[in-house]
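Now for the letters of each chain:
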Amino acid sequence: MKITEMQAYKRLEEGFKEKGYSRGKKDNMRIYFWDSAKCSPDNLMPGHYVDAIKYGKIKLRDVPERYRTRGFFLHTLSGAFEDIVKYVKENPKMFDRKFFKDHIATDYYSLEFELNDFEYMPIEYIDEEMVACAMFKAIDMRYVERRGECDDWFYSVYRRKPEVLSQDLYILGARCFAEKRNGKNRFLNITPEKYRTPEFYFALCIQNRTPVMEDIPEDVLTTKFLVRLLNDSSENIECFSKKALERKIPMMGVGTIECWKATIINDGYQIKNIPLNDERVEFFLSRYDKDSFEYEYGFKDHYKKYLRKKNSIPEPKNDAYELAGMLTLVGAMAGMKQDDAISLGNEVMIDATNRQTMLPIHYMYPVPASYSKRYDREEYLLEIYKKVGIFIVKEADYYYYNAILPEDISIVQNSHGYWVKDSKGNELIHYYDRGHFYDRTVQVDQINVKL
């Protein structure tokens, strides 16, 4: 469900129009690049000073009075610049109610940081219209501009003037801001009991990737509530509690089954959002083959992590990767050019990876049709290694296995990567290792061996 389709959003929007409220006007002043060597008083505009402020090149004290225009402050006022916030607080007559509405419309930083607009604007400006403007902007930022969430303003209003926060604002806030982190749900904790309705809890669960359902009262978690959540989107399974996952619900054509089973049947890709156990693994594999999209992109990596945890197998450590990154940083700090610093890190990474005894984990192409139901791509590659007598010891890192080569097998470098060859010079397996340490790709891209 899109947030604009929620009843709370529609009620807020309708009430906003009926009461004659209006949103602020976005300021479109042009921002110019500040170059201290080229900028002179003759060619400066307020937009130059905006750029200089935002990139920390100057402070407010360096901006002449004639350039401290309304537009300048609309683009620079932010909790990140305490000197500008201080100036606004000390000159309230210059910054009226319309300024703050326009600031919310112009710059989403108006709603972020502890020093957001609602933390210091005159308290009489904080009313139903202003907080609605803020909520609309927060929603636009998250779902239209895709810039993340900004919830600091809501907590400022809660501290300074909680009576202007309506039930619909709390419902929309539950959709936008409420996440459970480190065992705590900050937004839920400030929500008045009278507003914690089934509609609120439903909004809390939509597209929420944290375990918020753990804090929902049992009398709210009816079968109808859970079914409605899954009908809204299979992705909502991610916030389900352990108990809710096992709740049995009716499914057309199947009967009454657990929520997790219904989700896997309806959308196998969502297995990545369901905690695994042996029963769930078995059920998934009974429905999706190893050459399926669901297996490759939803199940495989999730299953490997499950097996590691179940069998107390430590995650592989990419020591060469970490060393390369560290040396790149050292090179950059020493004044090396970016490309030279990266090359330094890559050389160390390559030297640290002994390819005579290491082979790739990943295969680039689909498994041949005759084996695709039996093996996934990694399993197929392991069978190829076994076929030529290569013994795989363990995963060395996220790219390579530690491997023991038989005497008649060698690894030869060419212009495109590396060939695994036999004693007669036959080219058996080809792989490559490309990219900088931060976007590295290691894959087998050619196999001339048949099982």
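Before reading further, recall that the structure is shown in the block above.
Criteria and cut-off values
- Residues numbered from 1 in each chain as written.
- Predicted model: local features only at pLDDT ≥ 70, side-chain atom pairs only at ≥ 80, totals over all residues.
- Heavy atoms only, no water.
- Helix = DSSP H or I, 4+ residues; strand = E, 2+ residues; numbered from the N terminus.
- Buried < 20%, exposed > 50% of the residue type's maximum accessible area, 1.4 Å probe, protein only.
- Areas by Shrake-Rupley, 256 points an atom, 1.4 Å probe, with all protein chains shown as cover.
- Salt bridge = Lys/Arg side-chain N within 4 Å of Asp/Glu carboxyl O.
- Pairing = 2+ DSSP bridges.
- Axes fitted to C-alpha atoms, helices over the stretch in contact; angles between N-to-C directions.
- Contact = heavy atoms within 4.5 Å.
- Core = buried A, V, L, I, M, F, W, Y, C linked by side-chain atoms within 4.5 Å.
- Phe/Tyr/Trp six-rings, centres within 6.5 Å; stacked < 30°, edge-to-face > 60°.
- Lys NZ or Arg CZ within 6 Å of the ring centre and 35° of its normal.

Participant: Any chance you could break down the overall build of the protein for me, citing the residues and the numbers?
Facilitator: In terms of helices and strands, the protein carries 19 helices and nine strands. Relative to its full complement of 451 residues, the protein shows a buried share of 47%. Total accessible area on the protein is roughly 24200 Å²; 49% of this is exposed by carbon and sulfur atoms.

Participant: Explain the pattern of salt bridges to me, using residue names and the numbers behind them.
Facilitator: The tally for this structure, following the rule as stated, stands at 32 salt bridges. Notably, a salt bridge pairs Glu 199 with Arg 11, separated by 3.0 Å at the nearest N-O pair. Taken together, the residues Glu 199 in helix α11 (residues 198-205) and Arg 11 in helix α1 (residues 7-18) connect sequence positions 188 residues apart. On the basis of relative accessible area, Glu 199 is assigned to the partly exposed category, the value being 31%. When its relative accessible area of 35% is taken as the criterion, Arg 11 is described as partly exposed. One salt bridge connects Arg 377 with Glu 296, and the closest N-O pair in it is separated by 2.6 Å. Placement of the pair is Arg 377 in helix α19 (residues 377-387) and Glu 296 in helix α16 (residues 293-310), with a sequence separation of 81 residues. Take Arg 377 and Glu 296: they sit in the same class, and that class is buried. Several salt bridges converge on common partners, so that one network encompasses Glu 296, Lys 300, Lys 304, Arg 308, Arg 377, Glu 378 and Glu 395.

Participant: Can you break down the sheet that holds strand β9 (residues 441-447) residue by residue, with the values?
Facilitator: Strand pairs in the sheet, formed through backbone hydrogen bonds, run parallel or antiparallel to each other. Pairing within the open sheet is antiparallel, and its four strands lie in the order β6-β7-β8-β9. In this open sheet, the two edge strands, each paired with only one partner strand, are β6 (410-414) and β9. Between one strand and the next, the sheet's axes are offset by a mean angle of 25°, whatever the strand orientation. In the sheet, strand β8 (residues 427-434) pairs with β9 via six bridges, with the strands oriented antiparallel. Each bridged residue has a counterpart across the sheet, and for His 430 the counterpart in β9 is Gln 446. Strand contacts of α19: β8 and β9, with the helix running at about 60° to β9, the strand carrying the most contacts.

Participant: Describe the nonpolar core, naming the residues involved and giving the relevant values.
Facilitator: Core analysis: the biggest nonpolar cluster contains 104 residues, and Phe 118, Trp 153, Phe 154, Met 213 and Phe 240 have the highest contact counts within it. Counting residues per element, this core draws most heavily on helix α7 (residues 128-143), at 11 residues. Look past the residues within four positions of Met 213 in its chain and what remains in contact with it is Cys 205, Leu 221, Leu 226, Leu 229, Cys 239, Phe 240, Ser 241 and Ala 244. The next biggest cluster of nonpolar side chains, apart from the first, holds 30 residues, and it includes Tyr 400, Ala 403, Tyr 431 and Val 449.

Participant: A description of the packing of aromatic side chains should follow, citing residues and the corresponding values.
Facilitator: As enumerated under the stated definition, the model contains 40 aromatic pairs in all. Aromatic pair Tyr 363 and Tyr 380: ring centres 5.9 Å apart, planes at 45°, arrangement tilted. With Tyr 363 in the loop between β3 (358-360) and α19 and Tyr 380 in helix α19, this pair connects stretches of sequence that are 17 residues apart. The residues Tyr 363 and Tyr 380 share a single accessibility class, namely buried. Among the aromatic residues, ring-to-ring pairing joins Phe 72, Phe 73, Tyr 87, Phe 95, Phe 99, Phe 100, Tyr 120 and Tyr 125 into one connected group. When the ring centre of Phe 202 is taken as origin, the NZ or CZ atom of Arg 228, which lies over that ring, is 3.8 Å away.

Participant: Which residues make up the sheet that holds strand β4 (residues 391-395), and what are the values?
Facilitator: The three strands are arranged β3-β5-β4 in an open sheet whose pairing can be described as antiparallel. Either end of the sheet is taken by a strand with one partner, and the two such strands are β3 and β4. Averaged over all pairs of adjacent strands, the angle between strand axes in this sheet comes to 40°, irrespective of strand direction. Note: β3 against strand β5 (residues 400-404), three bridges, orientation antiparallel. Within β5, the position partnered with Met 358 by the bridge is Asn 402. Against the sheet, α19 engages β3, β4 and β5, with an angle of about 140° to β3.

All quantities given are derived from atomic positions and should not be read as evidence of function.
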